[in-house]
Amino acid sequence: MCPYHGWTYNADGQCVQMPAHPEQMPPARARVKAYRSIERYGWVWVTFGEPQHDIPVFPEWDDASFRKIFSGPYVYKAAAPRAVENFLDVAHFPFVHEGFLGDRAHPEIADYEVTTDENGITAAPITIWQPDPDGTGQGKEVTYTYRVFRPLVVYFVKQMQQQFAIYFAVTPVDDLHCIGWMCMAMNYGFDIPEAQLIAFQDEVTAQDIPIVESQRPERLPLDLQAELHLRSDRTSIAYRKWLGELGLTFGTA
Ligand SMILES: [Fe+2]
C-alpha cells in the first residue's frame, strides 16, 4: 500500500484499490514494478534477479534461548564492502572502540584460522581482550567466530560464558552508499533494557562510520598488492579474495 494516498497493489504490481474512489476499478496503467521478495529475520529481502542462494541462515534465530534485538538502519556514505570489511575487523577495537570493545593496553591479535568454501568464509578462533564483554564490569579475553555468508551478509558469535551474536546485512544503495541492518542474539541479560542494548550498538557503529567513510580508495581494492595486510587481517584478505573469485564489481576496485 502506498503511504501517500493508500493505493493498494497486488503481488504482481497491479493496483487493486484507490481509496479516494472505492467504486472505481483501477486502470491497468496503475501498475508498479514488482520485485521478487521475501520476509525473513524481521526484514524484507529484495532481489533484482534470480537468486542462486537462499537467504543465509541466522544460526540463533530459531533458538528461543536467545533474545533478539534489532538495531539500525545505519547509513554509510561508503561502499558496502567497506562497511562489511569493517564489521569483520577486530584489530581496530582497542583504538576505534576503546573502552567499549577493546583496550589499547591489550591490542594483540593472536593467529587464527580462516577457511573459504561454498558456504562462504569462517574465521576462528579470534581471541581479543575486552574491558567489559558481558556487562559484568570484568575485563577478560573473549573468542569470536566470524562468518561471511554472502558478500554483504555477515555474522559473528562471541563466546564467553554465554554467547552474543550479531547478524549484519548491508543494502548497497549505490556504489558508494549503503545501509546496514543489525540483529543481535544473546542468551543472557534478559533484564537489560532493549533501549540500552540498541544505544550501545548505535554508539559503536557511530564510532565506525566516520572511519569507514574516510577510507580511500572508496571502493574496496580486490588486488591484494594494493594495500598492506598483516597476519591479523587474514579475514579481510580472504574476503577480498573471495569477492574477486565471485566477480563482485559493485563497490570494489
Ligand atoms: Fe568497529
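See the structure printed just above.
For every chain, the first residue of its written sequence is number 1, and the numbers climb from 1 along that sequence. pLDDT decides what is reported in this predicted model: residues at 70 or higher carry local features, side-chain atom pairs at 80 or more are listed and counted, and totals for whole chains, interfaces and linings draw on all residues regardless.

**With respect to the pairing of strand E6 (residues 113–117)**
In step 1: Backbone-placed C-beta atoms define the burial measure: a residue is buried with 20 or more other C-beta atoms within 10 Å of its own, exposed with 12 or fewer, and partly exposed in between. The helix and strand labels rest on DSSP assignments: H or I over at least four residues marks a helix, E over at least two residues marks a strand, and numbering proceeds from the N terminus. Within E6, only zero of the five residues are buried, which leaves it mostly out in the open.
In step 2: Pairing between two strands is assigned when DSSP locates at least 2 bridges connecting them. Summarising the sheet, E6 and strand E7 (residues 120–130) pair through five bridges and their orientation is antiparallel. What sits directly across from Glu113, in E7, is Ala124.
In step 3: Between E6 and E7, which pair antiparallel in sequence order, lie two residues.

**With respect to the sheet that holds strand E10 (residues 163–174)**
In step 1: In space, the seven strands of this open sheet follow the order E5-E11-E10-E9-E8-E7-E6, with antiparallel pairing throughout. Of all strands in the sheet, those with a lone pairing partner are strand E5 (67–76) and E6, marking the two edges. Strand-to-strand, the axes of this sheet are offset by a mean angle of 20°, without reference to chain direction.
In step 2: Here eight bridges tie E5 to strand E11 (residues 177–186), and the two strands are oriented antiparallel to one another. Note that in E11 the partner of Arg67 across the bridge is Met186.
In step 3: Lying on the sheet, helix H1 (residues 80–88) is in contact with E5, strand E8 (140–150), strand E9 (153–159), E10 and E11; it crosses E10 at an angle near 165°.
In step 4: A pair of residues counts as a contact when their C-beta atoms, built from backbone coordinates, are within 7 Å of each other. Here, axes are lines fitted to C-alpha atoms. For helices the fit covers the stretch in contact, and angles between N-to-C directions go from 0 to 180 degrees. Of the strands in this sheet, E5 and E11 touch helix H3 (residues 194–213), which is tilted by about 30° from E5.

**Details of the packing of H1 against helix H4 (residues 234–246)**
In step 1: Contact geometry for H1 and H4: axes closest at 9 Å, N-to-C directions at 150°. It follows that H1 is roughly antiparallel to H4 by the angle criterion. When you trace H1 past H4, the crossing you get is right-handed. Contacts between H1 and H4 pair Pro81, Glu85 and Leu88 from the former with Thr235, Ser236, Tyr239 and Leu243 from the latter.
In step 2: Polar here means any residue outside two lists: the nonpolar Ala, Val, Leu, Ile, Met, Phe, Trp, Tyr, Cys and Pro, and the charged Asp, Glu, Lys and Arg; Gly therefore counts as polar. For the contact of H1 with H4, the per-class residue count stands at four nonpolar, two polar and one charged. If an angle is under 35 degrees, it is roughly parallel; if it is over 145, roughly antiparallel; if it lies from 65 to 115, roughly perpendicular; otherwise it is oblique. Less than a right angle of anticlockwise turn of the near helix away from the far helix marks a crossing as left-handed, whereas a clockwise turn marks it as right-handed.

**Focus: unusual backbone geometry**
In step 1: A cis geometry characterises the amide bond from Ala124 onward to Pro125, with omega recorded as -15°.
In step 2: Along the polypeptide, Pro125 turns up in strand E7.
In step 3: Residue Arg216 is joined to Pro217 through a cis peptide bond whose omega torsion reads 0°.
In step 4: You can see Pro217 is positioned in the loop between H3 and H4.
In step 5: Residue Tyr41 is not a glycine yet carries a positive backbone phi of 55°.
In step 6: Note that Tyr41 resides in the loop between strand E3 (36–40) and strand E4 (43–47).

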